[in-house]
Number of protein chains: 2
Amino acid sequence: VGSGDDAAVTVPTGATVTSVDAVVDGVHFRRPTFPPAAIGRKALAAALSDLAAMGASAGEAYVQLGVPSDMEADECVELARGLGEVAAEHGVTVAGGDVTASPSLFCAVTVVGRLASAQDAVTRAGARPGDELFVTGELGAAAAGLAVLDRTELAEVLPRDVADALRARQLSPVPRLGAGEALRKAGATAMIDVSDGIGADAAHLARASGVRLVVELAHLPVAAGVAEAAAFTGADPLDLVTGGGEDYELLATLAPDAAQPAATALDALGLSLSRVGRAELGEGVALVDSAGREHDARGFDHLRR
Amino acid sequence: VGSGDDAAVTVPTGATVTSVDAVVDGVHFRRPTFPPAAIGRKALAAALSDLAAMGASAGEAYVQLGVPSDMEADECVELARGLGEVAAEHGVTVAGGDVTASPSLFCAVTVVGRLASAQDAVTRAGARPGDELFVTGELGAAAAGLAVLDRTELAEVLPRDVADALRARQLSPVPRLGAGEALRKAGATAMIDVSDGIGADAAHLARASGVRLVVELAHLPVAAGVAEAAAFTGADPLDLVTGGGEDYELLATLAPDAAQPAATALDALGLSLSRVGRAELGEGVALVDSAGREHDARGFDHLRR
């Protein structure tokens, strides 16, 4: 029974992994800057990123759309089209939804994924002292992409392909579902997606696991154009990389001997895996530069006023 | 794995029934009128009503809350408390959630229920010509309750217990989960919850089933105080009963010989079951008065501008 009835009916096997995520106008996107299709893409991608962080495969999505009175029907269709594209790219069935009037645009997505068993889930809580800390892909691109979208002069000083890539990382983030499954199979002990910035998300993982995480700033993989975007906007490039958020890369801990097989598996997916630190006895997160100095971890706080 | 990680992990058996529903400030409630706890109660109850309409039992809920900057922390706590009360009343586990800043308050809920098998689901599509049409409980109370909340003078002309009951039907609707399961076991051929008004919801059921539904207005069970509320506000009482919406009663079709066992099962739950019409060959909905005249079906359209 698909959408159109009161509820969707599925017959799951194994364990079910469920996550919810919402994107809201003025918080996660701004309508003048974001084409409607990008809003739909981002809403589903952000939710799927949570499944990736559990090492799960993706199954179904349920979408709740709040539509303001100044949003035209063709914008809604575009939003749905963008969301549907991401669903098709990852084999996700949009199994249900709800549309309501709303003073402001929001798109709340529930995603359901699968694991063979509940024991297969890679939580935030399994990191052990001695594990090494890894991140997929590159950081800072989503934050730099927002700057490119906001400041057309910035786009003009960057090589066109770099500007395009940064914009795409903000408008059309890619949930790392394949990488999440590969890291689970490689034995990741804990995992989280980098949605709030590596500083904040490492803190979540450290707290859940009861370890201290040391992040070596010199080893963070920085996306092309991030330094230029920071210089242009007067931001600290470190803030874009560690606190910009929305990169939707995966941050995972692995035992040292699992690192090489994991990197090989990700390489087969066309994605890099960078060793960026380690787990130690203790608590909290230390962002350490090459001279051994500690820096503050900043992250995106949705409720900061 | 409960809330606090990237996703929740469950190990379901049988078939899973999933529905989403959102309540939005200015559309489904108004913050000055609705205490925060009532917003939480209504959000979960409305979602659970969809599971009731499938004949499913309730399992987990996932909550996405959009919090405006003028909402205080204690209001959020109250909203969560109200939602938690409804969860406890129906044995629902709140397994995950997401809180985000938002220009306006919304609460989007995903509920997951269970059936022994997918074949057990009571859809909207199974009504057959010759079936009789039934509704649980009483209609019009939620719409009249809104009038009582908006017009204090109205509350004063009603008996206190009637005014209280109408207010409660608006602020704290009850999902008919037990009744939905009982109607499924009694052989309901099709079912839908009355969220938009019996006229609109009967039309959904008629369309999905490919039948014509005749609703006999004289047989609609009208809640106490609805006539007085209509007289006071100058509304047509029929509009409150057939188009007011949010009563969250169940509208179901049954073969004639299944009616008596179904009524007996609902009586054991303290709920009435009224025969309000029949399914015929054809399409659409006819609201027919005792003189045989047809009336227009009105329903709540969320996107009507």
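Chemist: Describe the overall build of chain A, naming the residues involved and giving the relevant values.
Modeler: When helices and strands are counted, chain A shows ten helices and twelve strands. Long-range contacts, defined as pairs at least 24 residues apart, comprise 86% of the intrachain contacts of chain A with a sequence gap of at least 6. Within chain A, the 42 negative side-chain charges are centred at a point lying 3 Å from the centre of the 23 positive side-chain charges.

Chemist: With reference to specific residues and values, describe the packing of aromatic side chains.
Modeler: All names here are of chain A. Evaluated as defined, the whole model comprises three aromatic pairs over all chains. Consider the rings of Phe29 and Phe34, whose centres lie 6.1 Å apart with planes at 45 degrees: the pair is tilted. Take Phe29 and Phe34: they sit in the same class, and that class is buried.

Chemist: Talk me through the interface of chain B and chain A; I want residue IDs and the actual numbers.
Modeler: The partner chain A presents 56 residues to the 56 residues of chain B that form the contact. Here chain B and chain A share an interface that buries about 4,200 Å² over both sides, 58% of which is from carbon and sulfur atoms. Looking only at chain B, the three residues that lose the most surface to chain A are Asp6(B), Val20(B) and Gln64(B), adding up to 15% of its buried area. Counting every contact that joins chain B to chain A gives four salt bridges. One salt bridge in this structure joins Asp5(B) and Arg124(A), with 3.9 Å as the shortest N-O distance.

Chemist: Tell me what's going on with the sheet that holds strand 10 (residues 273-280) of chain A, and back it up with residues and numbers.
Modeler: Strand-to-strand pairing in sheets goes through backbone hydrogen bonds, with the strands running parallel or antiparallel. All names here are of chain A. Spatially, seven strands are ordered 7-9-6-10-8-11-12 in an open sheet, and the strand pairing comes out mixed. A strand with exactly one partner marks an edge of an open sheet, and here the two such strands are strand 7 (190-193) and strand 12 (294-295). Contacting strand 7 and strand 9 (250-254), helix 1 (residues 36-54) crosses the sheet at an angle of about 170 degrees to strand 7. Contacting strand 6 (132-136), strand 7, strand 9 and strand 10, helix 6 (residues 177-185) crosses the sheet at an angle of about 10 degrees to strand 9.

Chemist: Please give an account of the packing of helix 6 of chain A against helix 10 (residues 259-268) of chain A that cites residues and values.
Modeler: Each pair of packed helices can be described by the angle between their axes along with the distance between the axes. Residues and elements named next belong to chain A. Across the interface, helix 6 lies against helix 10 with an axial gap of 9 Å and an inter-helix angle of 155 degrees. It follows that helix 6 is roughly antiparallel to helix 10 by the angle criterion. The hand of the helix 6/helix 10 crossing is right-handed. On the side of helix 6, the interface is formed by Ala179, Ala182 and Leu183, while helix 10 contributes Ala262, Ala265 and Leu266. Within the contact of helix 6 with helix 10, the residues separate by chemical class into six nonpolar, no polar and no charged.

Chemist: Could you give me a rundown of helix 5 (residues 160-171) of chain B, with the residues and numbers involved?
Modeler: Residue and element names in this part refer to chain B. End to end, helix 5 covers 16 Å across twelve residues, agreeing with the expected 16 Å (1.5 Å per residue, within 8%). Those residues of helix 5 that sit buried are Val162, Ala163, Leu166, Arg169, Gln170 and Leu171. The inward-facing, buried residues of helix 5 contact helix 1 (36-52), helix 3 (141-150) and helix 4 (152-157).

Chemist: Account for the relation of the copies chain B and chain A, naming residues and giving values.
Modeler: For the match of chain B to chain A, the screw axis carries a shift of 0.0 Å, the RMSD comes to 0.0 Å, and the turn is 180 degrees. A rotation of that kind, with that shift, is consistent with a two-fold axis. In this assembly, 100% of the residues forming the interface of chain B have copies in chain A that are likewise at the interface, indicating an isologous arrangement.

Chemist: Describe the pairing of strand 3 (residues 57-67) of chain B, listing the residues and the values that go with them.
Modeler: All names here are of chain B. Burial of strand 3 is extensive: ten of the eleven residues sit out of reach of the surface. Note: strand 3 against strand 5 (residues 106-115), nine bridges, orientation antiparallel. Bridge pairing links Ala58 to Gly113 in strand 5. Crossover strand 3 to strand 4 (residues 93-101) through helix 2 (residues 73-89) is right-handed.

Chemist: Which residues make up the pattern of salt bridges, and what values go with them?
Modeler: Residue and element names in this part refer to chain A. Taken as a whole and judged by the stated rule, the model has 49 salt bridges over all chains. Across the salt bridge formed by Glu89 and Arg41, the nearest N and O atoms sit 3.1 Å from each other. Of the two residues, Glu89 sits in helix 2 (residues 73-89) while Arg41 sits in helix 1, which places them 48 residues apart along the sequence. Given the relative accessible area of 48%, Glu89 is considered partly exposed. In this structure, the salt-bridge partner of Arg212 is Glu280, at a minimum N-O distance of 3.3 Å.

Chemist: Help me get a handle on unusual backbone geometry, residues and values and all.
Modeler: The backbone phi angle of Glu246(A) is positive, close to 65 degrees, even though this residue is not glycine. With relative accessibility at 16%, the residue Glu246(A) sits in the buried group.

Chemist: Could you give an account of the confidence of the model for chain A, with specific residues and numbers?
Modeler: Residue and element names in this part refer to chain A. Confidence along chain A averages 93 in pLDDT terms, with 96% of residues attaining 70 or more. With pLDDT under 50 throughout, residues 299-305 is counted as low confidence; its partners more than four residues away or in other chains account for 19 contacts. Confidence metrics for the complex model read pTM 0.91 and ipTM 0.88.

Chemist: Would you mind going over the sheet that holds strand 5 (residues 106-115) of chain A in detail, with residue names and values included?
Modeler: Pairing within the open sheet is mixed, and its five strands lie in the order 4(A)-3(A)-5(A)-2(A)-1(B). Only two strands of the sheet have a single partner each, and these edge strands are strand 4 (93-101) of chain A together with strand 1 (8-10) of chain B. Pairs of neighbouring strands in the sheet enclose a mean axial angle of 20 degrees, with direction left out of account. Sheet topology places strand 2 (residues 15-24) of chain A next to strand 1 of chain B; three bridges connect them, and they run antiparallel. Note on strand 1 of chain B: the bridge partner recorded for Thr18(A) is Ala8(B). Across the sheet, helix 1 of chain A touches strand 2, strand 3 (57-67) and strand 5 of chain A together with strand 1 of chain B, and the angle it forms with strand 5 of chain A is around 30 degrees.

What counts, and at which threshold
Residues numbered from 1 in each chain as written. Chains lettered and ligands numbered in written order. Predicted model: local features only at pLDDT ≥ 70, side-chain atom pairs only at ≥ 80, totals over all residues. Heavy atoms only, no water. Helix = DSSP H or I, 4+ residues; strand = E, 2+ residues; numbered from the N terminus. Contact = heavy atoms within 4.5 Å. Lys, Arg positive; Asp, Glu negative; His and termini not counted. Charge placed at Lys NZ, Arg CZ, Asp CG, Glu CD. Phe/Tyr/Trp six-rings, centres within 6.5 Å; stacked < 30°, edge-to-face > 60°. Buried < 20%, exposed > 50% of the residue type's maximum accessible area, 1.4 Å probe, protein only. Buried area = accessible area lost by both parts, 1.4 Å probe. Salt bridge = Lys/Arg side-chain N within 4 Å of Asp/Glu carboxyl O. Pairing = 2+ DSSP bridges. Axes fitted to C-alpha atoms, helices over the stretch in contact; angles between N-to-C directions. Parallel < 35°, antiparallel > 145°, perpendicular 65-115°, else oblique. Left-handed = near helix turned anticlockwise from the far one by under 90°. Nonpolar A, V, L, I, M, F, W, Y, C, P; charged D, E, K, R; others polar. Expected span 1.5 Å × (residues − 1). Least-squares fit on C-alpha atoms with pLDDT ≥ 70 in both. Right-handed = clockwise from strand over helix to strand, strands pointing away. pLDDT = per-residue confidence, 0-100.

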